[in-house]
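A look at the structure
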Amino acid sequence: MSDHDTPRTTHDDKPAETPDAESHVETGADRAAPAAPAAPADPGRPAVSGLRSALWLPLFDELAEPAVVARLAADAEEAGWHGLFVWDHLSWRSPIRAVADPWITLTAIAATTDTLRFGPMVTPLARRRPTKVARETATLDRLGGGRLTLGVGLGSDRFADELRATGDETDPVRRGQMLDESLEILTAAWSGDPVRHHGRHYTVDDMTFLPRPVQRPGIPVWAAGFPGNAKPLRRAARHDGFFPINLDHPDRLADIVATLADLRPPSTTPYDIAVALPSGTDPTPYADAGATWWLAEFAPETVSVDQVRGVLHDGPIRP
């Protein structure tokens with residue numbers, strides 16, 4: 001921010017940072033923890049200490065029906081999975097034709113499960129009005145009894161040209177600024193105190209957002225970014241978790257964890273590192289490097305209900 005920019009007056013008065021690169025996936029203290037899974041994990045999976053398991057679903061074609069995904073979520077909960085996260089896109093390249101809205105799908109998941117952690121992984125906040133997201137996230141967290149995790153990132157035109165095609169911001173620098181401002185507004189809104197924000201991209205003039213989310217002090221935020229970029233890591237260090245995109249080796253994750261430890265102040269606040277790996281990958285080296293969540297990933301062009309059910313019934317990692 002230059003000396004001539006309008007100062008911000010939210011609870012977290014930090015200038016926005018310039019992002020190093022785009023994420024191609026648009027995809028806390030005293031915080032309520034999710035309840036234990038309803039059923040034990042499949043003993044066929046290896047035990048990996050401290051690692052929780054989630055399905056990570058692109059809401060395309062066969063998975064573009066929210067009732068179908070809600071049933072998969074209920075089955076995953078019964079099988080002992082700890083979470084289910086969904087992609088956030090408006091469109092995708094051929095041969096994908098059908099795409100579901102993530103927020104409506106997450107509402108269905110919240111209403112049909114009791115213990116499963118859920119959320120968008122990740123949502124491009126620069127494409128959304130932060131005040132609307134504040135209302136949506138608090139309401140969804142209350143519906144789910146305090147189980148929402150908000151994954152955020154820059155978004156990209158790489159796979160569907162969906163930013164340009166809808167007139168959304170295509171400059172990654174400006175999207176990074178908008179993302180950081182949105183996170184400031186969300187953090188302030190979740191506190192239940194009046195929000196006064198006059199920034200470069202958004203204005204909120206003395207509004208209070210009630211009811212608050214169930215989770216305190218707010219909904220956990222996982223920020224996505226490419227492993228080699230410093231600014232996404234600095235963003236993630238201010239929040240509750242990091243989701244590295246295109247992570248190719250556990251040694252890189254160990255470097256990320258060390259960097260985040262240096263960036264974060266000493267605290268007992270829980271912090272998550274989520275890694276996306278295909279179902280057949282051994283997650284143990286990633287857990288040893290500091291991962292706390294394994295997200296079972298699926299190829300977007302070939303994902304099917306049967307494929308998801310197969311991974312689901314194989315069971316999660318036993319923590």
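Residues numbered from 1 in each chain as written. Predicted model: local features only at pLDDT ≥ 70, side-chain atom pairs only at ≥ 80, totals over all residues. Heavy atoms only, no water.

**Some thoughts on the environment of Trp103**
Let me state the cut-off plainly: Counting from the N terminus, the helices are the DSSP runs of H or I reaching at least four residues and the strands are the DSSP runs of E reaching at least two. Buried residues are those whose accessible area, probed at 1.4 Å on protein chains only, stays under 20% of the maximum for their type, while exposed residues exceed 50% and partly exposed ones sit between those limits.
In this fold, Trp103 is placed in helix 2 (residues 102–112). What makes Trp103 buried here is its relative accessible area of 7%. Separated by 37 residues in sequence, Trp103 and Pro66 place their C-alpha atoms 9.8 Å apart.

**Comments concerning the sheet that holds strand 1 (residues 52–57)**
The condition that has to hold: Pairing between two strands requires that DSSP report at least two bridges joining them. In this analysis, two residues are considered to be in contact whenever any of their non-hydrogen atoms come within 4.5 Å of each other. Note on geometry: axes are lines fitted to C-alpha atoms, helical ones only across the stretch in contact, with angles between N-to-C directions running from 0 to 180 degrees.
Pairing in this open sheet of 9 strands is parallel, and the strands run 3-2-1-11-10-9-8-5-4 from one edge to the other. With one partner strand each, in any of the chains shown, strand 3 (117–120) and strand 4 (123–124) form the two edges of the open sheet. Strand direction decides the pairing type here: strand 10 (residues 272–277) and strand 11 (residues 293–296), joined by 4 bridges, are parallel. Among the inter-strand pairings, Ala276 is bridged to a residue of strand 11, identified as Leu295. Sitting on the sheet, helix 2 touches strand 2 (83–86), strand 3, strand 4 and strand 5 (150–153), and the angle it makes with strand 3 is about 170°.

**What about the confidence of the model for the chain?**
Short version of the rule: pLDDT is a residue-level measure of predictor confidence that goes from 0 to 100.
On average, the chain scores 86 in pLDDT, and the residues at 70 or more come to 85%. Counting interchain partners and residues more than four positions distant, the pLDDT-below-50 stretch residues 1–43 has 143 contacts.

**Observations concerning the packing of aromatic side chains**
Inclusion rule: We call Phe, Tyr and Trp rings a pair once their centres come within 6.5 Å, taking the six-membered ring for Trp, and we label the pair stacked below 30 degrees between planes, edge-to-face above 60, and tilted otherwise.
In this structure the tally under the stated criterion is 10 aromatic pairs. Taking 5.3 Å as the distance between ring centres and 85° as the angle between the ring planes, the aromatic pair formed by Trp56 and Phe243 counts as edge-to-face. Of this pair, Trp56 sits in strand 1 while Phe243 sits in strand 9 (residues 241–244); the two residues are 187 residues apart in sequence, bridging distant segments of the chain. Taking relative accessible area as the criterion, Trp56 reaches 4% and is therefore assigned buried. Relative accessible area serves as the criterion here: at 1%, Phe243 is assigned to the buried category.

**Overview of the pattern of salt bridges**
Note the following rule: By salt bridge we mean one thing: a side-chain nitrogen of Lys or Arg within 4 Å of a carboxyl oxygen of Asp or Glu.
Per the stated rule, a full pass over the model turns up 13 salt bridges. Of the charged contacts in the structure, one is a salt bridge between Arg309 and Asp75, with a shortest N-O distance of 2.6 Å. Here Arg309 is found in helix 9 (residues 305–314), whereas its partner Asp75 is found in helix 1 (residues 66–78), with 234 residues between them in sequence. The class for Arg309 is partly exposed, based on a relative accessible area of 24%. Assessed through its relative accessible area of 24%, Asp75 is described here as partly exposed. Linking Asp88 and Arg127 is a salt bridge whose minimum nitrogen-to-oxygen distance equals 2.9 Å. Placement of the pair is Asp88 in the loop between strand 2 and helix 2 and Arg127 in the loop between strand 4 and helix 3 (130–143), with a sequence separation of 39 residues. The same class applies to Asp88 as to Arg127, namely buried.

**Description of the nonpolar core**
Convention followed: Grouping buried Ala, Val, Leu, Ile, Met, Phe, Trp, Tyr and Cys residues that are joined through side-chain atoms within 4.5 Å yields what is termed a nonpolar core.
Core analysis: the biggest nonpolar cluster contains 71 residues, and Leu55, Leu57, Trp81, Leu84 and Leu260 have the highest contact counts within it. Of the residues forming this core, the biggest block, 8 residues, is contributed by helix 5 (residues 172–190). Excluding residues that lie within four positions of it along the chain, Leu57 makes contacts with Leu63, Val69, Leu72, Leu84, Phe85, Val86, Trp87, Phe298 and Val308. Ranked by size, the runner-up nonpolar core spans 19 residues in total, among them Val122, Phe226, Ala276 and Trp293.

**Structural notes on the packing of helix 3 against helix 5**
Axis angle and axis distance: for two packed helices, these are the angle between their axes and the distance between the axes, and together they describe the pair. Our working rule: In this scheme, roughly parallel covers angles under 35 degrees and roughly antiparallel covers those over 145, while 65 to 115 is roughly perpendicular and the rest are oblique. Two helices that cross are described as forming a left-handed crossing if the nearer one is turned anticlockwise from the farther one by less than a right angle, and a right-handed crossing if clockwise. Note that Gly is not counted as nonpolar here; it falls among the polar residues with everything else outside the nonpolar set of Ala, Val, Leu, Ile, Met, Phe, Trp, Tyr, Cys and Pro and the charged set of Asp, Glu, Lys and Arg.
It is the contact of helix 3 with helix 5, at a shortest axis distance of 9 Å, that shows an interaxial angle of 40°. Taken together, the axes of helix 3 and helix 5 are oblique relative to one another. The way helix 3 lies across helix 5 gives a crossing that is right-handed. Of the residues in helix 5, those in contact with Pro130, Val133, Ala134 and Thr137 of helix 3 are Ser182, Ile185, Leu186, Ala189 and Trp190. Partitioned by chemical class, the residues of the contact of helix 3 with helix 5 number 7 nonpolar, 2 polar and no charged.

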